[in-house]
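Here's the letter readout for the chains.
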Amino acid sequence: MQMLTPAQRIAWLRLARSDNVGPVTFRQMLNRFGSAEAALDALPSLLRNTGRAARITSLSQAEDEVAALAKWGARIVAIGEAAYPTHLSHIHGAPPVITLVGGDRLDWHRTVAIVGARNASAAGAKMTRILATDLGEAGYTVVSGLARGIDTAAHRASLTTGTIAVLAGGLDHIYPDENVPLAQSILDAGGALITEMPLGWEPRARDFPRRNRLVSGLSLGTVVVEAAKRSGSLITARLALEQNRDVFAVPGSPLDPRAEGGNLLIQQGAKLITSAADIIESIAVADPARSLLFDPAWSPDPSDTTIEDQSNPDDRHRLLSALSTTPMDIDELIGQTLIAPPAMQGLLLELDLEGRLEWSGGQLVALRPSE
């Protein structure tokens, strides 16, 4: 996809910022209607069909966000555009638009994520600094989440060689507050800040796993230095595996709870590493075939436009009866319910806008568990 026109960029932003339009729904709508403009025209009717009231981002709201971001030196980048990180575009549920500031001189292809405990030990922080420094000197860009502890150590050690900080909130809501100066230092040194959240968005607990999928998605591999058994770092490692990326872990003392997660990852097959050379050697072996591991990059397919919604209430009833909280392939659903593919697409889109669906692996769909 070539660079969007200013009007197209505003339309993409409006659609992406509207209620209940996540990355999967966005993709479905563009494939169905052919453009963000057409999808926005259809959205009120689709929402009426769901019986739910939902906010559609206005033209002025989107224009205001773009103008405000420009004052930060930031820009909205759409998936498929040259400035959109290539590795990120290959993950399931890649954000259709991201906010990006800085990073013009970074190598976005040779990237390694380093994550770990917020309450890092002195030894863990030192190991992180060694890894990040050596990776940077070898030409790799270090990716992390700007959190306390290991993330902070990774960013600081790679300031001069290149680092990317992924935010859970908007650019104006850096978390934690103590890392606002670090975020500025990253930009001053030529690094980048990236988020899928709008200005004004204050991060909530649920936003950090979303952030983590971007940390791993931007990277060829993810290194876990220290992590408890139940931690965001292990979520990042799991997401990296789902994205067909390498996972590395630094072993630690069995007596230190901060090492339990990393040791568990090694037991489960993560690559034990003690130096940056271990990471580089593994990634260098995989690099030539790396593109074969990624899912094909997605861009809107104009041939999918003019799909006529042929569903009826009986189709909806059959689909809901067939769905459960267990993920199921869409082709299997079509075969089981005998609902025509165009009608199935429309029904899944309606249920998604209602917030009743969860997606797994792109083609697997399940009912969202009742809360």
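Predicted model, so just to flag it, every value in this text is computed and none were measured.

Draft legend 1. Just the confidence of the model for the protein chain, in detail. Scored by pLDDT, the protein chain comes out at a mean of 86, with 87% of its residues at no less than 70. Every residue in residues 287–309 scores below 50 in pLDDT, and together they form 42 contacts with partners more than four places removed in sequence or on other chains.

Draft legend 2. Structural view of unusual backbone geometry. Put simply, Y175 and P176 share a cis peptide bond, and its omega is 0°. Summarising the element assignment, P176 is placed in the loop between β5 (163–166) and α8 (180–188). In the Ramachandran plot, N244 falls in the positive-phi region, its phi being about 60° despite a non-glycine side chain. The phi angle at L338 is positive, at roughly 60°, despite the residue not being glycine. Tracing the backbone through its elements, the reader meets L338 in the loop between α15 (330–337) and α16 (341–353).

Draft legend 3. Broad picture of the layout of surface pockets. In this structure, the second largest pocket occupies an estimated 280 Å³ of space. Secondary-structure elements contributing two or more residues to the lining of the second largest pocket are α9 (207–217) and α10 (232–242). The leading source of residues in the lining of the second largest pocket is α9, at 5 residues. Looking at the lining of the second largest pocket residue by residue, the classes come out as 10 nonpolar, 8 polar and 5 charged.

Draft legend 4. The environment of N212, seen in detail. Here N212 lies in helix α9. Remark: the alpha-carbon pair of N212 and V115, spanning 97 residues in sequence, is separated by 9.4 Å.

Draft legend 5. Representation of the packing of aromatic side chains within the structure. A complete count under the given rule lists 2 aromatic pairs for this structure. When the ring of W12 is compared with that of F26, the centres are 5.1 Å apart and the planes differ by 55°; the resulting orientation is tilted. Note that W12 is positioned in helix α1 (residues 6–17) and F26 in helix α2 (residues 23–33), a separation of 14 residues in sequence. Accessibility expressed as a relative area gives 0% for F26, which makes it buried. Taking NZ or CZ as reference, R110 lies 4.3 Å from the ring centre of Y140, over its face. Here the guanidinium or amino end of R118 rests over the ring plane of F208, the centre of that ring lying 5.9 Å away.

Draft legend 6. Structural context of the pairing of strand β3 (residues 111–115). Burial of β3 is extensive: 5 of the 5 residues sit out of reach of the surface. Of the two faces of β3, the one holding T111, A113 and V115 and the one holding V112 and I114 are both buried throughout. In the sheet, β3 pairs with strand β4 (residues 141–144) via 3 bridges, with the strands oriented parallel. Looking at the pairing, V112 lines up with V142 of β4. Assessed by its sense of winding, the connection that carries the chain from β3 through helix α6 (residues 122–137) to β4 is right-handed.

Calculation rules
Residues numbered from 1 in each chain as written. Predicted model: local features only at pLDDT ≥ 70, side-chain atom pairs only at ≥ 80, totals over all residues. Heavy atoms only, no water. pLDDT = per-residue confidence, 0-100. Contact = heavy atoms within 4.5 Å. Helix = DSSP H or I, 4+ residues; strand = E, 2+ residues; numbered from the N terminus. 1 Å grid on protein atoms, 1.4 Å probe; cavity = no way out; pocket = protein on both sides within 12 Å on 5 of 7 lines; lining within 4 Å. Points joined across faces, edges and corners; volume = space filled by probe spheres on them. Nonpolar A, V, L, I, M, F, W, Y, C, P; charged D, E, K, R; others polar. Phe/Tyr/Trp six-rings, centres within 6.5 Å; stacked < 30°, edge-to-face > 60°. Buried < 20%, exposed > 50% of the residue type's maximum accessible area, 1.4 Å probe, protein only. Lys NZ or Arg CZ within 6 Å of the ring centre and 35° of its normal. Pairing = 2+ DSSP bridges. Right-handed = clockwise from strand over helix to strand, strands pointing away.

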